[in-house]
Amino acid sequence: MNAPAPIPTRVTAMLGIRYPILVAPMFLVSTPELLLAVAEAGAIAAIPSLNFRTHEAFAAFLEAFPDRPFGVNLILKDNPRLKEDLDAVVRRRVPLVITSLGDPGPVVERVKAYGGRVFADVVGLRHAKKAAERGVDALIAVAAGAGGHAGTVSPFVLAPWLAEATGLPVVAAGGLATGRQLLAALALSDAGYFGTRFIATPESGADDAYKRMLIEATPEDVVYTAEVTGVPANFLASSLARFRQGGKPWKEVYSAGHSVAFVREVVPARTLVWRIAEEYHRAKAALP
Ligand SMILES: Cc1cc2nc3c(=O)[nH]c(=O)nc-3n(C[C@H](O)[C@H](O)[C@H](O)COP(=O)(O)O)c2cc1C
């Protein structure tokens, strides 16, 4: 398969990528291999700094990662490693930093100083406005149905609402797995954020049982609950039973969003990016 034609938007211009496809940071799932495969396909993926057990391991990853587009996710709240991980991000001049849960102000100042981009992940207007005031480059609108800590507002409403209120570029998140959906997302925003779909790739850190359960699940098997982490998040119902028996959140209690509807096989990440781009072009050409 040859690389599909580029899909230029404000966000691809900002990040220097070919397709407006951002592979979302996922705790215990994102790996350096996934980041590399996605970058080679012409998109960008991010990894939570906390996927590395120690700050030293995170810093070693940053030093070793080649000169390609990639992102790091920093959790801003209750994260004892934030300062040293941010220092390492600044030293490495990481092209994209995705912030979640907290005030992105201090991160924006330091990342913008070297020309990096900061995208803030938000679920509503209050945080979106605060992040915009702090000078983030774009917002990630995490809607209802997303994997991980999801919002409650419909994806049809959240991204265009936040764009209208702030004037910032917006990345639509929640439920995206196909190129047809990316086409719909680009009618309402500037890029698509894909999490759940990329769990089922050989490059992800998810174990085989997780990938199998994901492939078998339907959106009706996805349960939105705060019982696992204290913050409402989406989990696969069959794995939730394990939580009640002492299973470890994220590792044995599997998170996924409504896009499980379209996850039917494990596909290499590079093929998946190209497949989504190709489907986008076909769906666009077939629009009434
Ligand atoms: C298993 C899993 C782990 C996640 N971990 C994180 C995380 O550590 N940090 C973060 O900002 N978002 C995390 N998320 C949320 C994703 O970044 C993203 O918002 C979401 O997956 C998008 O929705 P989708 O899964 O419907 O594509 C996680 C999502 C999943 C499914």
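Reading guide: rules and limits
- Residues numbered from 1 in each chain as written.
- Predicted model: local features only at pLDDT ≥ 70, side-chain atom pairs only at ≥ 80, totals over all residues.
- Axes fitted to C-alpha atoms, helices over the stretch in contact; angles between N-to-C directions.
- Helix = DSSP H or I, 4+ residues; strand = E, 2+ residues; numbered from the N terminus.
- Parallel < 35°, antiparallel > 145°, perpendicular 65-115°, else oblique.
- Contact = placed C-beta atoms within 7 Å.
- Nonpolar A, V, L, I, M, F, W, Y, C, P; charged D, E, K, R; others polar.
- Core = buried A, V, L, I, M, F, W, Y, C linked by C-beta atoms within 7 Å.
- Buried ≥ 20, exposed ≤ 12 C-beta atoms within 10 Å, placed from the backbone.
- Arc of directions from axis to C-beta.
- Pairing = 2+ DSSP bridges.
- Right-handed = clockwise from strand over helix to strand, strands pointing away.
- Left-handed = near helix turned anticlockwise from the far one by under 90°.

Participant: Explain the packing of helix α3 (residues 55-64) against helix α4 (residues 82-92) residue by residue, including any values.
Facilitator: Contact geometry for α3 and α4: axes closest at 10 Å, N-to-C directions at 10°. Classified by the angle their axes make, α3 and α4 are roughly parallel. On α4, the residues that touch His55, Phe58, Ala59, Leu62 and Glu63 of α3 are Glu84, Asp85, Ala88 and Arg92. Considering only residue class, the contact of α3 with α4 consists of 4 nonpolar, 1 polar and 4 charged.

Participant: Tell me about the nonpolar core, residues and numbers included.
Facilitator: In this structure, Val38, Leu139, Ile140, Ala141, Val171 and Val273 are the most contacted members of the largest nonpolar core, which totals 92 residues. Setting aside its immediate chain neighbours within four residues, alanine 141 contacts Val122, Leu158, Ala159, Leu162, Val170, Val171, Ala172, Ala173 and Ser189.

Participant: Would you mind going over α4 in detail, with residue names and values included?
Facilitator: Within α4 the residues assigned to the buried category are Asp85, Leu86, Ala88 and Val89. The arc that holds every buried residue of α4, seen down its axis, measures 160°, which confines them to one face. Projecting away from the buried face of α4 at angles above 90 degrees are the exposed residues Lys83 and Arg91. Buried residues along α4 sit in contact with α3, β3 (71-75), β4 (96-100) and α5 (105-113). Immediately beyond the C-terminal end of α4, within one or two residues, lies arginine 93, with a positive phi of roughly 55°.

Participant: Please give an account of the sheet that holds strand β1 (residues 21-23) that cites residues and values.
Facilitator: The parallel closed barrel is built from 8 strands, whose spatial order is β1-β2-β3-β4-β5-β6-β7-β8. Across the sheet, the axes of successive neighbouring strands diverge by a mean angle of 25°, strand direction being ignored. Bridge analysis of strand β6 (residues 138-142) against strand β7 (residues 170-173) gives 4 bridges, and the strand direction is parallel. Bridged to leucine 139 within β7 is valine 170. Strand contacts of helix α6 (residues 125-133): β5 (117-122) and β6, with the helix running at about 165° to β5, the strand carrying the most contacts.

Participant: Give a detailed account of the pairing of β5, specifying residues and quantitative values.
Facilitator: Counting buried positions along β5 gives 6 out of 6 residues, so the element sits mostly inside the fold. The two faces of β5 match: Arg117, Phe119 and Asp121 on one face and Val118, Ala120 and Val122 on the other face are all buried. Across 4 bridges, β4 lies against β5 in parallel orientation. Bridge assignment links isoleucine 98 to a residue of β5, and that residue is phenylalanine 119. For the crossover from β4 across α5 to β5, the handedness is right-handed. Note: β5 against β6, 4 bridges, orientation parallel. Considered in β6, the bridge of phenylalanine 119 is made with alanine 138. Crossover β5 to β6 through α6 is right-handed.

Participant: Before we move on, can you summarise unusual backbone geometry with the specific residues and values?
Facilitator: One non-glycine residue, aspartate 78, lies in positive phi territory at about 50°. Within the fold, aspartate 78 resides in the loop between β3 and α4. With phi around 70°, tryptophan 250 is a residue other than glycine that occupies positive phi space. With respect to the element layout, tryptophan 250 can be found in the loop between α10 (237-244) and α11 (269-285).

Participant: Before we move on, could you go through the pairing of strand β2 (residues 44-48) and cite the residues and values that matter?
Facilitator: Among the 5 residues of β2, 5 are classified as buried, and the element is accordingly described as predominantly covered. Because side chains alternate across β2, one face comprises the buried residues Ile44, Ala46 and Pro48, and the other comprises Ala45 and Ile47, equally buried. Where β1 lies against β2, 2 bridges are found, and the strand directions are parallel. Considered in β2, the bridge of valine 23 is made with alanine 45. Note: β2 against β3, 3 bridges, orientation parallel. In the strand pairing of β3, isoleucine 47 is matched with valine 72.

Participant: Let's hear about the packing of helix α2 (residues 32-41) against α11: which residues, and what values?
Facilitator: Two elements in contact, α2 and α11, have axes separated by 8 Å at closest approach and are oriented at 40°. By the criterion of interaxial angle, the relationship of α2 to α11 is oblique. For the crossing formed where α2 meets α11, the hand is right-handed. Together, Leu34, Ala37, Val38, Glu40 and Ala41 of α2 and Ala269, Arg270, Val273 and Trp274 of α11 make up the contact between the two elements. Of the residues contributing to the contact of α2 with α11, the split by class is 7 nonpolar, no polar and 2 charged.

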